[in-house]
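Structural description and commentary
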Amino acid sequence: MLYRIIYILCLFLLIFYKTVSGQEYFQQEVNYKINVKLDDKNNLLIADETIEYINNSPDTLKFIYFHLWPNAYKNNQTAFAKQYLENGYLYFKNSEEKDRGYIDSLDFKVNNENIFWEYDSVYIDICKLHLNKPLKPGEKIIITTPFYVKIPISFSRLAVAQNAYQISQWYPKPAVYDKYGWHQFPYLDVGEFYSEFGLYDVSITIPKNYIVAATGNLMNDEEKEWLENKVTETEKITNFDNDKINWQKSVPVFKTLRYTENNIHDFAWFANKKYHVLKGEVELPHSKRKVTTWAMFTNIEGNLWKRSIEYINDAVYYYSLWYGDYPYNNCTAVFGESYGGMEYPTITIIDEAGSDFSLETIIIHEVGHNWFYGVLGFNEREHPWLDEGINTFSEVRYINTKYPDNKIYDLYLNEKTAKFLGIEKYQYKSINEFYYLIKARINENIASSLHSEKYIETDYFISIYSKVALDFNYLMNYLGEEKFDNIMQEFYEKWKFKHPYPDDIKNIFEEKTGENLDWFFEDIIKTTKKNDYKISKMKNEKLLIKNKGQIISPFSITSLKNNKIQSTEWYQGFNEQQWINIPDKECDKIIIDYSLDIPDINRKNNIIKTFGIFKKAEPFKLKFLGIIENPDNTQINFSPLIGWNNYNKLMIGSIFYGAVIPTQKLEYQILPFYSYENKDFAGYSNFNYYIFPNNNFIQNIKIGLSSSRYAFYYDNVNFQKFKPNINIEFKKKNSKSTKENYLYNDLIYVTNSSEKLYNDSTVYSYFYNGRFTHENNRTLNPYSVNLNIQAGKGFVKSWIESFYTISYKKPKKGFNIRLFAGKFLYNADYYYGNYNFRLSGWTGQNDYTFENVYIGRMENIINESDNHLLSQQFVKNDGGFSVYTLLGQTNNWLASINLNTTLPFLIPLKPYLNLAAYNYIHNSPKSIQYVFESGIEISIIPDIFEIYFPVLMSEDIKYQSDFITDNYWQKIRFILNFNELNPFKLIKEIDL
């Protein structure tokens, strides 16, 4: 009986699989006739469309989904608005209604009959047309509707900026129906499209002095002649003045321009009265057919666009050469004054580039999308890597082909700066490896096969663009360019004007190579597994190669002699380790992946010398101010430094450190100083070792040891501090989560050379600090909570500190709340102790663990001195009061709330109010004290350099403040947070 059940179940699964996956390919046909008029006084489109919808599916359709993309700009509840905010942009959320967009005045009819249609229950940029009569296979219907579009300002692709119009994703469009069903999805800024192929016939009515660029072929002879005249005018211009704006009012006379094209799946148009026009022609490599190329641009970067026709022509030529001839008659690139860098059939819009080389890379990338988006109509929303990844690979291939000696710094830098950064030897393609390694080294890389909405903006760029570009470069070099091109051309011919899926490109590669390519299409594309082959050792003219990665994939080995290539051979991948023969016995060096074709996580284990004692030893190299890792040697970066504090005075020294990008497992900074005042040494060192577990719980473990030695009082009184620590960063729920959790554990050992400065008799102290931090770094209303415990000789205390910001409309503007509550769990000294909680933020004298940097640590605000200003530096901890007071020192408990708010205008003033309660006598409820203070904060650099001016305060605080000093200026205190200025910390916090 069990056997029969299993048999029936297997049979059912087989039938189901064949029904879903084995269904014969089909695609719907959608033909458009659209009439649109631009009202540039009110930024409106008044239009109507007629759609011929042909059902080529084997299914009877009872309804059709439509995209209404302009409604994405209607309110803050759309998927676009939510993603925009999720990526850290408040621009749309805070915009006024008049600047937003929408589509309305819709009145759908089918075959000239009214139908029932409704908006999607979740997304207002999707609607559903219920057909009066089911549409059977092979039948067609005519769908008509007027529509009216309010054009938004520049938030995303549909935009207007100073009468420069970018009209895209602007008309009602049926969603794709394929063998996987309907693909209706909302508009996203990060995440592209999937549309049906068909014929477009679009008529655009617009004031006569606009220059228009659009998808397809212009059908108006008079307009063609006018554009030719514009070309002649543009060719005569020798210098485009970036500061000169060729502003024109719209003329009251209109013109109607007609554009047609077949076998396309979208239509976009751009209108600008300031456009200059260039025209060219390129002959296709296979058919020898000629394609007309156009460039339209303004004075902004106009001098860079002088060569734009060359870039467009070369892009059309090389892509045609590698993948198949360009199928259309025109190819256009236009400059965008708002949202730029986006592709549409036969036309692309380009944003500001910054350099000739950068402009060329952007143009070729966007023109290249005519193949990987335009002709091969991928489902970009679900499989964006097919489009952006393969196209980015092709962009890099173009640069390597046209400019064999290209360098990464050609984008924006000069050679001198590149040498300064240590990137002078890298080619343009290496930029993708850098991006990948930044995430992959710390196990934050994300698989390239996810749907667009699963990524945040940064991860979308790295996983979809950079990583897949690396991957296809790997595949091409493994197969060889000729075989790779033959396969891609066959794929192009088979699937042009259709909708291929990932399995389709995988199947054709496996069919033509006769190989199982799961290592590429399954492991490399679909997982976060990493490549890492290592040369372990050499013995008896053989190499022991270990696979330290997680992918069994092919690799290349190159032998060199006197740094010249002797041979390069590819080897099939394996698990664990294998011995292989040395490729060339006369070589003096052997390298895995010499050409940098494999996305290798660690290139430092790829090299071995064939002669010498230390065959795998990397040479040491000193580099002035290096940043980037050099896999060819052990690079120690250095820079001279100058330091100063009130006791060491002027200090001369250096900093020595390892590579900063990408993250190293072992990182270090060593800062030795010599004080000419004290004739003594000072300095700081920090060593961290990172462990990146492959689990779903811990992101990384950092084991560290830091030490420091500086004078902290006159007469050469020094402290020495040693701090071993173990910190754990926990893994986020997913890559889009803004919630982060950390656990910090520090053991601090401090000694000092003068016991007279402290109340106890010891000259050394031990402290344990433990802290758990939870942060939510969302764009609006971010918050964090810190749970702390500290123990030392004779005390154990705990406290909670939390921060919450009620965000205003503008970024970094808000009402800030800090809450603090601390309690001693144990204190041997009930009446006084240096470790008490304090109402005021700490001065240098209170900082018994020497965790913060003070320029005048032991200067006393109570005593008059020449260095009174130095004593006014403080750290906003414990009670967080800015005014200095001896009140509020407690070995029992303290609670406070610190409030400040930014002002709506652009000045760095923040009114603040601090409230606190504390019990200053142990176990005495009658000794609870309540206090407050308020004033004005000048936030020069938030959390780093801030100045506090007290205005009002409790009478007892005021009395004591007046008692300490009657000079108001000495009551002003400031924060100078050197800990937050650590450049290595700042680099790690950069959100690429």
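Scope of this entry: the structure provided in the associated data block. (Residues numbered from 1 in each chain as written. Predicted model: local features only at pLDDT ≥ 70, side-chain atom pairs only at ≥ 80, totals over all residues. Heavy atoms only, no water.)

Remarks on unusual backbone geometry
Where we set the bar: Strands here mean DSSP runs of E at least two residues long; helices mean DSSP runs of H or I at least four residues long; both are numbered from the N terminus. A 1.4 Å probe rolled over the protein chains alone gives each residue an accessible area, and that area as a share of the maximum for its type sets the label: buried under 20%, exposed over 50%, partly exposed in between.
With an omega of -10°, the peptide bond running from Ile661 to Pro662 counts as cis. By secondary structure assignment, the location of Pro662 is in the loop between strand S34 (649-657) and strand S35 (666-675). Not every positive phi belongs to a glycine, and Asn111 is a case in point at roughly 50°. Tracing the backbone shows Asn111 in the loop between strand S5 (109-110) and strand S6 (113-114). A relative accessible area of 41% places Asn111 in the partly exposed class. Backbone geometry at Leu596 places phi at a positive 60°, although glycine is not the residue there.

Remarks on the environment of His369
Mapped onto the elements of the fold, His369 is located in the loop between helix H5 (356-368) and helix H6 (370-375). Taking the C-alpha atoms as reference, His369 lies 16 Å from Asn329; in sequence the two are 40 residues apart.

Some points on the side chain of His369
So the rule is basically this: Any pair of residues with heavy atoms lying within 4.5 Å of one another is described as a contacting pair.
Overall, His369 belongs to the buried group, its relative accessible area being 1%. With residues up to four places along the chain from it excluded, the contact list for His369 reads Glu343, Gly374, Asp387, Glu388 and Asn391.

Considering the nonpolar core
Under the convention used in this document: Take the buried Ala, Val, Leu, Ile, Met, Phe, Trp, Tyr and Cys residues and link them wherever side-chain atoms come within 4.5 Å; each set so joined is a nonpolar core.
Trp170, Trp269 and Phe509 are the most contacted members of the largest nonpolar core, which has 184 residues in total. With residues near it in sequence (within four places) discarded, Trp269 still touches Val36, Leu38, Leu45, Tyr165, Gln166, Ile167, Trp170, Ile204, Ile206, Val212, Ala213 and Ala214. The next biggest cluster of nonpolar side chains, apart from the first, holds 37 residues, and it includes Ala711, Phe712, Phe719 and Phe820.

A closer look at the environment of Tyr373
Mapped onto the elements of the fold, Tyr373 is located in helix H6. Along the sequence, Tyr373 and Asn477 sit 104 residues apart, while their C-alpha atoms lie 24 Å from each other. Beyond its immediate chain neighbours, meaning those up to four positions away, Tyr373 contacts His265, Asp266, Glu343, Tyr344, Pro345, Phe378, Glu380 and Asp387.

Digging into helix H2 (residues 79-86)
Those residues of H2 lying buried are Ala79, Phe80, Ala81, Gln83 and Tyr84. A positive backbone phi angle near 95° is found at Gly88, which sits one or two residues after H2.

Some words on the pattern of salt bridges
Here is the rule we go by: Between Lys or Arg on one side and Asp or Glu on the other, a salt bridge is scored when a side-chain nitrogen of the former is within 4 Å of a carboxyl oxygen of the latter.
Overall, the coordinates contain 39 salt bridges when judged by the stated rule. For Glu337, the salt bridge is made with Lys274, and the minimal N-O distance between the two is 3.1 Å. Within this pair, whereas Glu337 is found in the loop between strand S22 (330-335) and strand S23 (342-344), its partner Lys274 is found in the loop between strand S19 (269-272) and strand S20 (276-283), the two being separated by 63 residues in sequence. What makes Glu337 partly exposed here is its relative accessible area of 22%. Here Asp523 makes a salt bridge to Lys529, at a shortest N to O gap of 3.4 Å.

Concerning the packing of aromatic side chains
Quick reminder of the rule: The rule is short: rings of Phe, Tyr and Trp, with Trp giving its six-membered ring, pair when the centres are within 6.5 Å, and they are stacked under 30 degrees, edge-to-face over 60, tilted in between. For a Lys NZ or an Arg CZ to count as sitting over a ring, it must be within 6 Å of the ring centre and within 35 degrees of the ring normal.
Applying the stated criterion across every chain, the model contains 104 aromatic pairs. With centroids separated by 4.4 Å and ring planes inclined at 35°, the aromatic side chains of Tyr533 and Phe555 adopt a geometry described as tilted. Here Phe555 lies in strand S27 (residues 555-561) and Tyr533 lies in strand S25 (residues 533-539), a separation of 22 residues in the sequence. Residue classification places Phe555 among the buried residues on the basis of a relative accessible area of 0%. Ring pairs connect the aromatic residues Phe197, Tyr317, Tyr318, Tyr319, Trp322, Tyr323, Tyr326, Tyr328, Trp371, Phe372, Tyr398 and Phe497, which therefore count as one cluster. Sitting above the plane of the Phe92 ring, Arg100 keeps its charged end 4.3 Å from the centroid. Taking NZ or CZ as reference, Lys467 lies 5.3 Å from the ring centre of Tyr436, over its face.

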